[in-house]
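Letter by letter, the chains look like this.
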Amino acid sequence: MSEEQRTWGGRFEGSMDDLTRDYTAGVDRDLYEHDIAGSVAHARMLGATGIIPEGEAAAIVAGLGAVLERFRAGEVEWRPDLEDIHTHVEVFLRDEIGAAAGRLHTARSRNDQVSLLNRMLVRQQCDLAAAGAEALIAALSDLALTHAADPMPGYTHLQRAQPVTLGHHLLAYGEMLLRDRDRFRDCRARANVIPLGSGALAGSPYPLDREMVARELGFDSVSRNSLDAVADRDYAIEFLAACAITQVHLSRLAEEIVLWSSAEFAFVRLPDAFATGSSMMPQKKNADVAELARGRSGRVLGELVNLLANLKGQPLAYNRDLQEDKAAILNAAAVVVPTLHIFAAMAPALEFDLERMREAASGGFSLATDVADYLVRKGMPFRDAHAVTGGLVREAEERGCELHELPFDRYAEASDLFEPDVLEIDVDSALAARDAIGGTAPARVREAAEALRTEAGS
Ligand code: ARG
């Protein structure tokens, strides 16, 4: 490369070693929209404040427009020797407008420039992830309304515990995703402070109008400490934490889909569009989408740890370590955002075997708690009711039958509080009974689905 094209060429004599050139190159090639938007706003402000002549500012803005078109048309030649997107844009601008390009970097360092770029990237990815979460919440709430009264076994320790409705189970994920959506929103709000104007680290000696740039680029406020503004990346870590939590939620849902679609559960049939077959075993239909979502979680969690570790040993202010942040942000978003959308598309296509789920919901003595609650309603302390019901469960187990198949005499012997209506306890009565707010009663599930839909649509 010609040394004079390097933006820092003045102090350097020799050319860069090829390995070093590749080693130090950034991964920000596709971020030209943000970088150019930042430069346009900066140039306008430089002109408006008289820091550079207005005519040259206008030429820079027009030239940046031309550079943007070249990028969009794929007409730029990426040159690793130019290191990052900031240098590329400046060199391409020089091709367009000549010497005036040299004024663009007035009152700016790549350190505040890159922090700006990162914040614009995080904002954008937060919006995309929040929209993905909302799409999946909408799909789950719709499904929950359809299945508000359809029973399935609820589990603890993966043992059948008490019946719940399928709608209630799905809405559990809806609630998680709503918090995920809100985390992306919160992260966006905290990232939305403009760092430009901080210079390399110490601030700027020019009469900047930072508010003007903030307004033009949609930032809520202007950073108050130049060192912090160029050196911290907590907003990126927050984004990665929100991604990691979201992906963990998706991974749990993925695991349920894998389990439910196995022959052992057989609760759900996978739609062909979201499953694959085996090259060897003709009968197989695999939950690959779910498995890959689960399998890619490690990448997302890894990027969070990556950036935390990256930041922890760095003294203030900017260090080149920070260049690693963009790959982390992009890698995590590249998993989370598509996973949200593919789950949103897959959810309505799942074919549930509602009969089998209903059957499973009543098996395994899952109504034992309801029998105990029956005694409690008649005045027995819960601990005693638990013991009485436990005895009945043992007996049913010995006889190889379910609780409601025991003759009423056995109940009457166990407690004189029992009346024949105890045999009417079934899955539907158990579901309907859990009618307190947050419970699985179909009416509550419908309310919760509507509420979630409203909150996610807002
Ligand atoms: N490519 C760098 C990054 O992504 C831009 C800032 C470079 N600043 C510097 N002083 N080398 O962080």
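Just so you know, the residues in each chain are numbered from 1, in the order the chain's sequence is written. Local features in a predicted model are, by the rule used here, given only for residues with pLDDT of at least 70; side-chain atom pairs are given and counted only at 80 or more, and totals for whole chains, interfaces and linings are based on all residues. Side-chain descriptors were evaluated using all non-hydrogen atoms of the structure, hydrogens and water having been removed beforehand.

### Here we look at the overall build of the chain
In step 1: Scanning the chain for helices and strands turns up 18 helices and six strands.
In step 2: The globule rule used here is 2.2 Å times the number of residues to the 0.38 power, and the radius of gyration it is set against is calculated over C-alpha atoms. For a compact globule of 458 residues, the expected C-alpha radius of gyration is about 23 Å, and the chain comes in at 30 Å, more than 25% above that figure.
In step 3: If you line up the chain on its principal axes, its C-alpha atoms span 100 × 55 × 40 Å.
In step 4: When accessible area is computed with a 1.4 Å probe and restricted to protein chains, residues below 20% of their type maximum are described as buried, those above 50% as exposed, and intermediate ones as partly exposed. With 458 residues in all, the chain has 49% of them scored as buried.
In step 5: Restricting the contact set of the chain to residue pairs at least 6 apart, pairs at least 24 apart contribute 75%.
In step 6: When charges are counted, Lys and Arg are positive and Asp and Glu negative, with His and the chain ends excluded. Just so you know, the charge point we use is NZ for Lys, CZ for Arg, CG for Asp and CD for Glu. Computing the positive centroid from 47 side-chain charges and the negative centroid from 72, the chain places the two 3 Å apart. A run of H or I in DSSP becomes a helix once it reaches four residues, and a run of E becomes a strand once it reaches two; helices and strands are each numbered from the N terminus. Only heavy atoms matter for contacts: two residues are in contact if any of them lie within 4.5 Å across the pair.

### Describing the nonpolar core
In step 1: Grouping buried Ala, Val, Leu, Ile, Met, Phe, Trp, Tyr and Cys residues that are joined through side-chain atoms within 4.5 Å yields what is termed a nonpolar core. Counting 110 residues, the largest nonpolar core has Ile36, Phe71, Phe239 and Phe343 as its most contacted members.
In step 2: Core analysis: the second largest hydrophobic core is formed by 21 residues, Leu375, Cys401, Leu403 and Leu406 among them.

### Regarding the site of the ligand
In step 1: Here a residue is considered near a molecule or strand provided that any single heavy atom belonging to it is located within 4 Å of it. The immediate surroundings of the ligand are formed by Asp84, His86, Arg110, Asn111, Val114, Tyr318, Gln323 and Lys326.
In step 2: Any pair of nitrogen or oxygen atoms within 3.5 Å is treated as a polar contact; in protein, a donor-acceptor pairing is required on top of that, and neighbouring residues in sequence qualify only through side-chain atoms on both sides. Between the ligand and the protein, one listed contact pairs a nitrogen atom with a side-chain N or O atom of Asn111 at 3.0 Å.
In step 3: Separating an oxygen atom of the ligand from a side-chain N or O atom of Tyr318 is a distance of 2.5 Å.
In step 4: Each accessible area is a Shrake-Rupley result for a 1.4 Å probe, and residues are judged covered by the shown protein chains and nothing else. In the complex, 86% of the free accessible area of the ligand, which totals 340 Å², lies under the protein chains.
In step 5: Sort the elements by how many residues they give to the shell around the ligand and helix H5 (residues 110-146) lands first, with three residues.
In step 6: Side-chain classes are defined by residue name, with Ala, Val, Leu, Ile, Met, Phe, Trp, Tyr, Cys and Pro counting as nonpolar, Asp, Glu, Lys and Arg as charged, and the others, Gly among them, as polar. Of the residues belonging to the shell around the ligand, the class tally is two nonpolar, three polar and three charged.

### Describing the environment of Gly38
In step 1: The residue Gly38 is located in helix H2 (residues 32-48) in this model.
In step 2: Not counting residues up to four positions away in its chain, the partners in contact with Gly38 are Leu116, Met120, Leu196 and Leu217.

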